[in-house]
Amino acid sequence: MRICLVSETWAPDINGVAHTLGHLADELHGRGVELQLVRPGPSQGVRFQRAAGMQAELHVRGVSLPGYREVRIGLPAPRRLQSLWQRQRPDAVYLATQGPLGWSARRIARRHDIPVVAGWHTNFDHYCHDYGLPWLEPVLLSALRRFHNGCAATLVPTHAQVQSLHGQGFQRLAVMGRGIDGERFSPAHRDSRLRTQWGVDDHTPVALYVGRLAWEKNLTLLEETFRALLEARPDMALVIVGDGPARARLETALPDAHFTGFVSREALPRYYASADLFVFPSLSETWGNVVLEAMASGLAVIAYRHAAAAELIGHDHHGLAIIPGDETSFRDAAVALSQQPARFARLGRAARQRALEYRWPAITDAFLAVIDHVRERDHETARPCGV
């Protein structure tokens, strides 16, 4: 089988889409699937690492988003896509982008009768509210509906999102969650030297946030929650891993917190395992890989009952899942948990066991099952009558 992956991001980019596609590609390559990758080329002066394991890699023109130089939007490339797929026709195309490049790839694939499966990786409609453009949401939602309903199937991370999108007129939806490497993210990587750098001993709690520092991540609530934690437990450490446009303001608001910026892929598991609580107030995720990583690392997670947390966390069993939007309960739950070491240790143990149910081989099985289904359906549709 040959599958073409179309995306605007790839490793070493640090985000959920690149993370998911990288693991998926590794699994597919290990099963003998031939892979193509279509993505934007680098901006001028940026070093670019070609993806490993690709039979073909096509770089198209792209533009950087204002304020996010690291985020590249792929531009339409119909002639180059057509040339690639005429030389090496894929059995299916997977679209991980809903932007101009995704629309272009969908159109060319349909013209050549290549089955197209799309992924719902980003809640772009949610960002309209985060950036003060609520009037744009119905327009964007209509465009997304046309895009996805023009595909043979759309893979969505959670059952709750399937129900939500179905109610908004989206069709042919299937669930494909996200996986975890339970050896890489594990309590075994706890590092006492790292905790010493944060100024705590083995018995003092550390609260951690990992993610992009942008306002759509509900960082105002993170700031308020971290302040409340420090008021209740002045001895505890607050650690923020990640970078982005909101970092400078957060550093001013939380002078006692440890800001690490982005950390390397190799070092990240130590940061998770060396903490005790994971505070994640975002409501913009479609999934939220960091929640699963924190759970696999044995942390007690405080999150809204949304995306991965809604799918994975039984409240007060695998962590704390708060009703979305209830900021007072979110802060209070984090403060109470920080003062109950036996409780957050119990939640962390249960969280790891729950996370280990989500392995990448099983996620890849679900992905391939949908690919096989749409290929068979496409074959049946094309079969002459009476055959």
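Provided above is the structure to which this section pertains.
A. Layout of the environment of Cys4. Mapped onto the elements, Cys4 comes out in strand β1 (residues 2-6). By relative accessible area, Cys4 is classed as buried at 0%. C-alpha of Cys4 to C-alpha of Val38: the two residues are 34 residues apart in sequence and 7.4 Å apart in space. With near-sequence residues (within four places) excluded, Cys4 lies in contact with Gln36, Val38, Trp85, Pro90, Ala92, Val93 and Tyr94.

B. Structural context of the side chain of Thr9. Here Thr9 lies in the loop between β1 and α1 (16-30). A polar atom in the side chain of Thr9 sits 2.8 Å from the side chain of Asn15. Residues contacting Thr9, with those up to four places away along its chain left out, are Asn15, Val17, Ala18 and Leu21.

C. Expanded view of the pairing of strand β6 (residues 92-95). Burial of the side chains of β6 extends over both faces: Ala92 and Tyr94 are buried on one face and Val93 and Leu95 on the other. As paired strands, β6 and strand β7 (residues 116-119) are joined by three bridges and run parallel to one another. Of the residues in β7, the one forming a bridge with Leu95 is Ala118. Handedness of the crossover is the feature at issue here: the chain leaves β6, passes through helix α3 (residues 100-111), returns alongside β7, and the resulting connection is right-handed.

D. Representation of the sheet that holds strand β15 (residues 320-322). Pairing is parallel across the open sheet formed by six strands, whose spatial order is β12-β11-β10-β13-β14-β15. The two strands at the open ends of the sheet, each matched to only one other strand, are β12 (258-261) and β15. Averaged over neighbouring strand pairs, the angle between their axes works out to 20° when direction is ignored. Strand direction decides the pairing type here: strand β11 (residues 237-241) and β12, joined by three bridges, are parallel. Residue Val239 lies in a different strand from β12, and its bridge partner there is His258. Strand contacts of helix α14 (residues 341-355): β13 (277-280), β14 (300-304) and β15, with the helix running at about 80° to β14, the strand carrying the most contacts.

How each quantity is defined
- Residues numbered from 1 in each chain as written.
- Predicted model: local features only at pLDDT ≥ 70, side-chain atom pairs only at ≥ 80, totals over all residues.
- Heavy atoms only, no water.
- Helix = DSSP H or I, 4+ residues; strand = E, 2+ residues; numbered from the N terminus.
- Buried < 20%, exposed > 50% of the residue type's maximum accessible area, 1.4 Å probe, protein only.
- Contact = heavy atoms within 4.5 Å.
- Polar contact = N/O pair within 3.5 Å; in protein donor to acceptor, adjacent residues only side chain to side chain.
- Pairing = 2+ DSSP bridges.
- Right-handed = clockwise from strand over helix to strand, strands pointing away.
- Axes fitted to C-alpha atoms, helices over the stretch in contact; angles between N-to-C directions.

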